[in-house]
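A closer look at the structure
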Amino acid sequence: MTRSILPLTGRSLRAPKSSCVFIYDDSKAPPPPFSAPQGLASGFFSKPRDFSLPNSSWGPEMMRLYEQYNSQCGEETEGGENREGPWKRLPSYNRFLKYATGGVYLSRMIHKKARLFTRNNRDQGATFEYVLFFNSEEDKCVGVFQAGHLLEGPPGHVHGGAIATMIDTVIGTHATIACGPVLTANLNINYRRPIPLGNTVLLESSVDKKEGKKVFVTCKMTSSDGSKLHTDSTALFVSIKVSQLLLGS
Ligand SMILES: CCCCCCCC(=O)SCCNC(=O)CCNC(=O)[C@H](O)C(C)(C)COP(=O)(O)OP(=O)(O)OC[C@H]1O[C@@H](n2cnc3c(N)ncnc32)[C@H](O)[C@@H]1OP(=O)(O)O
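As recorded in an unreviewed UniProt entry, the protein goes by the name Acyl-coenzyme A thioesterase THEM4, listed as coming from Gasterosteus aculeatus aculeatus. In the Sequence similarities (unreviewed entry) part of its UniProt record, the protein is described as follows: "Belongs to the THEM4/THEM5 thioesterase family."

The helix and strand inventory of the protein stands at five helices and nine strands. For the protein, the sequential pattern of α-helices and β-strands runs α-α-β-β-β-α-β-β-α-β-β-β-β-α. Here the protein holds 249 residues, and 42% of them are scored as buried. Sequence separation of 24 or more characterises 62% of the internal contacts of the protein that already satisfy a separation of 6 or more.

Below, the discussion takes up a positive patch on the surface. On the surface, a cluster of positive charge is made up of Lys98, Arg108, Arg115 and Arg122. Secondary-structure assignment places Lys98 in the loop between strand E3 (87-90) and helix H3 (103-109). Judged by its relative accessible area of 32%, Lys98 falls in the partly exposed class.

The strand order across the open sheet formed by seven strands is E3-E4-E5-E7-E8-E9-E6, and the pairing between neighbours is antiparallel. The open sheet terminates on both sides in strands that have one partner only, identified here as E3 and strand E6 (182-191). Sheet twist, expressed as the mean angle between neighbouring strand axes with direction ignored, is 25 degrees. Relative to strand E7 (residues 200-211), strand E5 (residues 140-147) runs antiparallel, the two being bridged by seven bridges. The residue bridging Gln146 from the neighbouring strand is Thr200, located in E7.

What follows deals with the environment of Ala235. Here Ala235 is to be found in strand E9 (residues 229-239). Sequence separation of Ala235 and Gly148 is 87 residues, and the distance between their C-alpha atoms is 25 Å. Excluding its chain neighbours within four sequence positions, the residues that come into contact with Ala235 are Ile171, Asn186, Leu187, Val215, Phe216 and Val217.

Attention now moves to the confidence of the model for the protein. Of all residues in the protein, 81% have pLDDT values of 70 or greater, and the mean over the chain is 84. Across the interfaces of the predicted complex, the ipTM metric reaches 0.97, alongside a pTM of 0.85.

Looking at the secondary structure, you find Tyr66 in helix H2 (residues 60-70). The spatial distance from the C-alpha of Tyr66 to the C-alpha of Leu53 is 8.9 Å, given a sequence separation of 13 residues. With sequence-adjacent residues up to four places away left out, Tyr66 is seen in contact with Ser52, Leu53, Pro54, Trp58, Arg89, Val131 and Phe133.

Let us look at the environment of His149. Tracing the chain through its elements places His149 in the loop between E5 and helix H4 (160-179). A sequence separation of 22 residues divides His149 from Thr127, and the C-alpha atoms of the two residues are 6.5 Å apart. Filtering out sequence-adjacent residues up to four positions away, His149 remains in contact with Gly125, Ala126 and Leu197.

Moving on, we come to the packing of aromatic side chains. Scanning the entire structure with this criterion turns up six aromatic pairs. Seen in terms of ring centroids, Tyr66 and Phe133 are 6.1 Å apart; in terms of plane orientation they differ by 55 degrees. Their pairing is tilted. Taken as a pair, Tyr66 in helix H2 and Phe133 in strand E4 (residues 128-135) lie far apart in primary sequence, 67 residues in all. Assessed through its relative accessible area of 5%, Tyr66 is described here as buried. Using a relative accessible area of 0% as the deciding quantity, one classes Phe133 as buried. Here the aromatic rings of Tyr69 and Trp87 are separated by 5.0 Å at their centres, their planes lie at 75 degrees, and the arrangement is edge-to-face. Of this pair, Tyr69 sits in helix H2 while Trp87 sits in strand E3, and the two are 18 residues apart along the sequence. Accessibility classification places Tyr69 together with Trp87 in one group, the buried group. Through successive ring pairs, a cluster of aromatic residues spans Trp58, Tyr66, Tyr69, Trp87 and Phe133. A cation over an aromatic ring shows up here: Arg49 above the ring of Phe51, its NZ or CZ 4.0 Å from the ring centre. In this structure, Arg119 packs its charged tip against the face of Tyr130, placed 3.5 Å from the ring centre.

Conventions used here
- Residues numbered from 1 in each chain as written.
- Predicted model: local features only at pLDDT ≥ 70, side-chain atom pairs only at ≥ 80, totals over all residues.
- Heavy atoms only, no water.
- UniProt positions renumbered as here; feature names shortened; annotations may be inferred.
- Helix = DSSP H or I, 4+ residues; strand = E, 2+ residues; numbered from the N terminus.
- Buried < 20%, exposed > 50% of the residue type's maximum accessible area, 1.4 Å probe, protein only.
- Contact = heavy atoms within 4.5 Å.
- Patch = residues over 30% accessible without salt bridge, like charges linked within 9 Å, V, L, I, M, F, W, Y side chains within 5 Å.
- Areas by Shrake-Rupley, 256 points an atom, 1.4 Å probe, with all protein chains shown as cover.
- Salt bridge = Lys/Arg side-chain N within 4 Å of Asp/Glu carboxyl O.
- Lys, Arg positive; Asp, Glu negative; His and termini not counted.
- Charge placed at Lys NZ, Arg CZ, Asp CG, Glu CD.
- Pairing = 2+ DSSP bridges.
- Axes fitted to C-alpha atoms, helices over the stretch in contact; angles between N-to-C directions.
- pLDDT = per-residue confidence, 0-100.
- Phe/Tyr/Trp six-rings, centres within 6.5 Å; stacked < 30°, edge-to-face > 60°.
- Lys NZ or Arg CZ within 6 Å of the ring centre and 35° of its normal.

Structure representation (structure tokens):
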């Protein structure tokens, strides 16, 4: 079962070969403060952009890995049947609060200009380009990241903080799927080999154990062909109540 940082229900956004971690159900959202005539609503409320889909900045290695996992994802056939596949692509939005049930109103009240750190740059390819896939049978999460030129740390190479962000994104998503809303309590990273800017890397995470509120996750980051190890890391996530987070307690 997929779970989210907010209490979400219902059908997922339609996208090819995908399933949602953060599910948006407009049919269960509170009514808008005004009534739009039938048929006009879709014109007023544009569909959110799913950043996990390919764009023109994705290089050949990014596309190759995307195709590799996406071709193993379940999908709805043209006949309307669901074809099973071991992997699911996880859609990604620049403010998931907005796309949760009722979240559109909360998103206006809580820092309405806030945007997800990894999805806040309109210049495609400049920062984080990525897509995550989840395999529920094997309980594995993978992230395919292409590191843009604005992530520079050492000349020509990716900043260590940006690398930590990539890891936190993959393992944070994995921990959320495993346990519901969580926060990173501890993240240990061994940086083994620098990542040249523009390169595509592959991150693979696994949940090691769950102990009460705690979930322990490990993650390995390699070059796109798996031949070079860039980082290995371990992390602890702790379950939280979303209400505490939203109320700031
Ligand atoms: C879709 C994109 C996904 C991206 C995911 C991104 C995730 C993030 O970046 S989250 C942001 C960064 N993290 C934070 O800001 C967290 C800040 N810290 C906190 O809010 C709290 O300290 C928090 C929630 C981690 C733990 O607080 P609390 O819920 O009170 O837990 P608490 O009861 O003290 O501890 C629970 C258990 O965890 C252990 N624990 C807590 N923190 C740590 C730690 N840093 N190291 C080791 N153990 C710890 C405790 O010892 C305790 O263990 P036990 O149950 O065995 O006694």
